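Breakdown of the fold
The lines below spell out each chain.
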Amino acid sequence: MKRAPYTLAEAEKICAEYQYLVGESYATGGDLKIECITTTPFDEVSKERFLILYFLLNSAEGAKANEYNGLLFDVLIIGRSATDQHELQQEDICSWLMKNKNLNPVASA
């Protein structure tokens, strides 16, 4: 897997490939669980807007309905605390896999 940015088709394929992680622990030693693996806009401003909408709407699909006309995408893993519903953490999928699964998805491309 190459690092982002991705085309929409590439991002959707990666997203689908890693859906099995939903429900697993987001990080060792914490109470966060992976709640969502989703495609997002690649640029930081659009990605931040997506994350704000995700938090407010509690829905990746609702957040994606926001108008985004760009051609570059990323794939994020979003974790939510089991004890504090307002605590979210997110990370791009390549970085998360290297930290948490000891995988180097870039090298295995």
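To be clear, the structure that these remarks concern was listed above.
First things first, this report covers the structure right here in the doc.

1. What about the sheet that holds strand E2 (residues 73–81)?
Overall, antiparallel pairing links the three strands, which are arranged E1-E2-E3 in an open sheet. Of all strands in the sheet, those with a lone pairing partner are strand E1 (32–41) and strand E3 (88–92), marking the two edges. Recorded for the sheet is a direction-independent mean angle of 25° between the axes of neighbouring strands. Inspection of the sheet shows E1 paired to E2 by nine bridges, in the antiparallel sense. The partner of Pro41 across the bridge, within E2, is Phe73. Relative to the sheet, helix H4 (residues 93–100) contacts E1, E2 and E3, its axis offset from that of E3 by approximately 100°.

2. Comments concerning the environment of Ser46
In this structure, Ser46 sits in helix H2 (residues 44–57). Classification of Ser46 by relative accessible area gives buried; the value is 9%. Taking the C-alpha atoms as reference points, Ser46 and Asn69, separated by 23 residues in sequence, lie 10.0 Å from one another. Leave out the neighbours within four places in its chain, and Ser46 touches Pro41 and Tyr68.

3. Regarding a nonpolar patch on the surface
A surface patch of nonpolar side chains, amounting to about 400 Å² of accessible area, comprises Ile52, Phe55, Leu56 and Leu57. With respect to the secondary-structure elements, Ile52 resides in helix H2.

4. Digging into the pairing of E2
Across the nine residues of E2, nine count as buried, placing the element largely inside the fold. Of the two faces of E2, both are covered, the one formed by Phe73, Val75, Ile77, Gly79 and Ser81 as well as the one formed by Asp74, Leu76, Ile78 and Arg80. Sheet topology places E2 next to E3; five bridges connect them, and they run antiparallel. Paired with Ile77 across the two strands is Glu91, which belongs to E3. Connecting E2 to the antiparallel partner E3 that follows it, the hairpin turn spans six residues.

5. Quick notes on the side chain of Asp74
Along the polypeptide, Asp74 turns up in strand E2. Classification of Asp74 by relative accessible area gives buried; the value is 5%. One polar contact links Asp74 to Lys47, side chain to side chain, over a distance of 2.8 Å. For Asp74, the contacting residues outside a window of four places in its chain are Ala4, Tyr6, Ala11, Thr38, Thr39, Thr40, Pro41, Phe42, Lys47 and Asp92.

6. What about the pattern of salt bridges?
Within the structure shown, the criterion is met by seven salt bridges. The closest approach of N and O atoms between Glu10 and Lys2, which form a salt bridge, is 3.5 Å. Residue classification places Glu10 among the partly exposed positions, given a relative accessible area of 30%. On the basis of relative accessible area, Lys2 is assigned to the partly exposed category, the value being 42%.

Cut-offs and rules
Residues numbered from 1 in each chain as written. Predicted model: local features only at pLDDT ≥ 70, side-chain atom pairs only at ≥ 80, totals over all residues. Heavy atoms only, no water. Pairing = 2+ DSSP bridges. Helix = DSSP H or I, 4+ residues; strand = E, 2+ residues; numbered from the N terminus. Axes fitted to C-alpha atoms, helices over the stretch in contact; angles between N-to-C directions. Contact = heavy atoms within 4.5 Å. Buried < 20%, exposed > 50% of the residue type's maximum accessible area, 1.4 Å probe, protein only. Patch = residues over 30% accessible without salt bridge, like charges linked within 9 Å, V, L, I, M, F, W, Y side chains within 5 Å. Areas by Shrake-Rupley, 256 points an atom, 1.4 Å probe, with all protein chains shown as cover. Salt bridge = Lys/Arg side-chain N within 4 Å of Asp/Glu carboxyl O. Polar contact = N/O pair within 3.5 Å; in protein donor to acceptor, adjacent residues only side chain to side chain.

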